[in-house]
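Each chain, written out:
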Amino acid sequence: MKIAVCPGSFDPVTYGHLDIITRACDIFDRVYVAVLTNPAKEALFTPDERVEMLSKATKHLDIVTCEHFDGLVVDYAKLRGAIAIVRGLRAVTDFEVELKMASMNHHLDKDVETVFMMTSNEYSFISSSAVKEVASLGGDVTAWVPSCVAEALAKKYSHARKAGIS
Ligand code: ADP
């Protein structure tokens, strides 16, 4: 049984993330998607909201489980019995950050391998932050995120606008 974990902020999940998760399912027998708290990023959605959107967006993939985890990715991988951490690469800018992270994770646990997947061309420019920026200005994001996410974004930002937050 080959198990992988796909960790990330997923704030919120995009078609770019889903592409990586779906392709991981072709390689591994079981895939755990972990919503991790990234102290460097201020999140729009709570971890529970992010897990709920991920679960809805992956419900057709029966080998995928989505959950929240607080802690080190290598500890999560160990908890789930994973042999690999799957990460997506969009651009050279991702590479430097990912190389550092993979090296640190390798140092922390030599039994877990980081596997990189190149983004599919059509998703290379999608990021959660760009999606949030467009949605916050009232733009249409349905080409980049599942409908449940587009709805959740519209709701968050309409509340923010009503509360007078710009
Ligand atoms: P993190 O804060 O850990 O970088 P993200 O939610 O931003 O979390 O990303 C999770 C993973 O998904 C990362 O490996 C990231 O490179 C990858 N990813 C994000 N967007 C895309 C995309 N459009 N195509 C491919 N991979 C992506």
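Look up: the structure comes first, before these words.
Treat the numbers as computed from the prediction; the structure is a model and nothing was measured.

**Student:** Sorry, what's going on with the side chain of Thr58 here?
**Tutor:** In this fold, Thr58 is placed in the loop between α2 (47-57) and β3 (64-69). What Thr58 contacts, discounting residues up to four positions off in sequence, is Leu18, Ile21, Val64 and Cys66.

**Student:** Is there a simple way to explain the site of the ligand in this structure?
**Tutor:** Taken together, 17 residues are adjacent to the ligand, and Ser9, Lys41, Gly88, Tyr123 and Ile126 come closest. Here His17 contributes a side-chain N or O atom positioned 3.1 Å from an oxygen atom of the ligand. For the shell around the ligand, the secondary structure elements donating two or more residues are β1 (3-8), α1 (15-27), β4 (84-89) and α4 (92-108). Here the element with the most residues in the shell around the ligand is α1; it accounts for three residues. A breakdown of the residues in the shell around the ligand according to their chemical character gives five nonpolar, seven polar and five charged.

**Student:** Would you take a moment to explain the packing of aromatic side chains for this structure?
**Tutor:** Two aromatic rings, taken as a pair, are described by how far apart their centres are and by the angle between their planes. Throughout the structure, instances matching the rule amount to two aromatic pairs. Centroid distance Phe69 to Tyr76: 5.0 Å. Interplanar angle 45°. Geometry classified as tilted. Note on accessibility: Phe69 and Tyr76 belong to one class, buried. Here Phe125 and Trp144 contribute two aromatic rings whose centre-to-centre distance is 6.3 Å and whose plane-to-plane angle is 85°, an arrangement assigned as edge-to-face.

**Student:** I keep staring at the pairing of β4 and nothing clicks. Help me out?
**Tutor:** Along a regular strand, successive side chains alternate from one face of the sheet to the other. For β1 and β4, the ladder comprises two bridges, and the chain directions are parallel. Bridged to Ala4 within β4 is Ala84. Regarding the hand of the β-α-β motif, the stretch spanning β4, α4 and strand β5 (residues 113-118) is right-handed.

Calculation rules
- Residues numbered from 1 in each chain as written.
- Predicted model: local features only at pLDDT ≥ 70, side-chain atom pairs only at ≥ 80, totals over all residues.
- Heavy atoms only, no water.
- Helix = DSSP H or I, 4+ residues; strand = E, 2+ residues; numbered from the N terminus.
- Contact = heavy atoms within 4.5 Å.
- Near = heavy atom within 4 Å.
- Polar contact = N/O pair within 3.5 Å; in protein donor to acceptor, adjacent residues only side chain to side chain.
- Nonpolar A, V, L, I, M, F, W, Y, C, P; charged D, E, K, R; others polar.
- Phe/Tyr/Trp six-rings, centres within 6.5 Å; stacked < 30°, edge-to-face > 60°.
- Buried < 20%, exposed > 50% of the residue type's maximum accessible area, 1.4 Å probe, protein only.
- Pairing = 2+ DSSP bridges.
- Right-handed = clockwise from strand over helix to strand, strands pointing away.

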